[in-house]
Amino acid sequence: MDALVNKRIKRVMKGDQDAFAEIVELYQHQLFQICYRMLGNRHEAEDIAQEAFTRAYVNIHTFDQNRKFSTWLYRIATNLCIDRIRKKKPDYHLDAEVKGTEGLNMYSKIANDEELPEEELMRMEVQERVQYEISRLPDKYRAAIVLKYIEELPLAEISEILDLPLGTVKTRIHRGREALRKQLSNL
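The protein chain is annotated in an unreviewed UniProt entry as RNA polymerase sigma factor SigW of Planococcus maitriensis. The annotation that UniProt attaches to the protein chain under Sequence similarities (unreviewed entry) is "Belongs to the sigma-70 factor family. ECF subfamily."

Quick look at the structure:
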C-alpha cells in the first residue's frame, strides 16, 4: 500500500490533482475517525479532517517518502485537533441532545438487534461516560489514549505522529490510563 501511495504522491508533486483525490479516498474514513475521537463532534471532525488534507496537499513537497504517509497525515490531523481543543474548550458533549430530536444523542443512533433495550442503554451510558472522561484528560494524555486504544495504532507510529520518543508515549499512555481508571472508579 505504501508503494502505491508513494506513486500517487509523486504524481501529485507533478501537479496531478486526481492522484491526491485518490489518496483522500484511501484515508478519509480513518482520518475522520481520529479527529472525531479526539474532538467528540462530527462537524468539527469533518472540518479538521478537511483542513488536514488541505495542509497535506499544500505541503506535500515536505513529505519524506522514506516514511509512512499515513503517519505524516495523522500527525497533521492530531496537531490540528490539539490546536482546536486548546483554542476552544468544548461547551458541548456527545451526550447532548441532537437538535430536532427529543431525547436522542449520537450514541442513540447505534443500532444493534441483539441487545435488549436495557443492555443497550447501559452500554450507551458507559460509552458516553468513557468518552466524556477521555475528553477531560489533559491534551497530551488524550491524544496518546485515542491513538492507542481507539485507533489501535502501534506505539512506534504514535511516537511518530506525536513527534515524541517511544518512552514518552508509553508514559503518557500509562498515565492517561491511570487517570481514566481514577475517573471511572465509581462506574
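Once you've had a look at it, read on.
(A) Examining the overall build of the protein chain more closely. Check the secondary structure of the protein chain and you find eight helices and zero strands. When its helices and strands are written in sequence order, the protein chain yields α-α-α-α-α-α-α-α. For the protein chain, the proportion of its 187 residues judged to be buried stands at 40%. For the protein chain, the proportion of contacts with a sequence separation of at least 24, taken over those separated by at least 6, is 60%.

(B) View of the pattern of salt bridges. The final tally for this structure, using the stated rule, is 15 salt bridges. Between Asp-64 and Arg-67 there is a salt bridge whose closest N-O contact spans 3.9 Å. Its salt-bridge partner being Arg-181, residue Glu-178 comes within 2.5 Å of it at the nearest N-O pair. Placement of the pair is Glu-178 and Arg-181 together in helix 8 (residues 166-183), with a separation of three residues, close to one helical turn.

(C) Focus on the nonpolar core. Among the nonpolar cores identified, the biggest contains 50 residues, and Tyr-27, Leu-31, Phe-69 and Leu-162 are the most heavily contacted of them. For this core, the secondary structure elements donating two or more residues are helix 1 (2-13), helix 2 (17-39), helix 3 (42-58), helix 4 (69-87), helix 6 (139-150), helix 7 (155-162) and helix 8. Examining the composition of this core, we find that 12 residues originate from one element, helix 2, more than from any other. Both domain 1 (2-87) and domain 2 (90-183) contribute no fewer than three residues apiece to this core. Setting aside its immediate chain neighbours within four residues, Phe-69 contacts Val-5, Ile-9, Ile-23, Tyr-27, Ile-60 and Phe-63.

(D) Main features of the packing of aromatic side chains. Here the structure, examined in full by the defined rule, presents eight aromatic pairs. Aromatic pair Phe-20 and Phe-53: ring centres 6.4 Å apart, planes at 85°, arrangement edge-to-face. Of the two residues, Phe-20 sits in helix 2 while Phe-53 sits in helix 3, which places them 33 residues apart along the sequence. Side by side, Phe-20 and Phe-53 carry an identical accessibility label, which is buried. When the centroid spacing of 5.8 Å and the interplanar angle of 20° are considered together, the rings of Phe-32 and Tyr-36 count as stacked. Placement of both Phe-32 and Tyr-36 in helix 2 is noted, with a separation of four residues, approximately one turn of the helix. In this structure Tyr-36 comes out as buried when scored by relative accessible area, which is 15%. Feature note: the residues Tyr-27, Phe-63, Phe-69, Trp-72 and Tyr-74 constitute an aromatic cluster, connected by ring pairs.

(E) Up close: helix 2. In a regular helix each residue adds 1.5 Å, so 23 residues correspond to 33 Å; helix 2 covers only 29 Å between its end C-alpha atoms and thus falls short of that length. Remark: the principal bend of helix 2, roughly 50°, maps to Tyr-27. Among all positions of helix 2, only Ala-19, Phe-20, Ile-23, Val-24, Tyr-27, Leu-31, Phe-32, Ile-34, Cys-35, Tyr-36, Met-38 and Leu-39 are buried. Its buried side turned inward, helix 2 meets helix 1, helix 3, helix 4 and helix 6.

Criteria and cut-off values
Residues numbered from 1 in each chain as written. Predicted model: local features only at pLDDT ≥ 70, side-chain atom pairs only at ≥ 80, totals over all residues. Heavy atoms only, no water. UniProt positions renumbered as here; feature names shortened; annotations may be inferred. Helix = DSSP H or I, 4+ residues; strand = E, 2+ residues; numbered from the N terminus. Buried < 20%, exposed > 50% of the residue type's maximum accessible area, 1.4 Å probe, protein only. Contact = heavy atoms within 4.5 Å. Salt bridge = Lys/Arg side-chain N within 4 Å of Asp/Glu carboxyl O. Core = buried A, V, L, I, M, F, W, Y, C linked by side-chain atoms within 4.5 Å. Domains from an automatic or database assignment. Phe/Tyr/Trp six-rings, centres within 6.5 Å; stacked < 30°, edge-to-face > 60°. Expected span 1.5 Å × (residues − 1). Bend = angle between axes of the 7 residues up to and from the residue.

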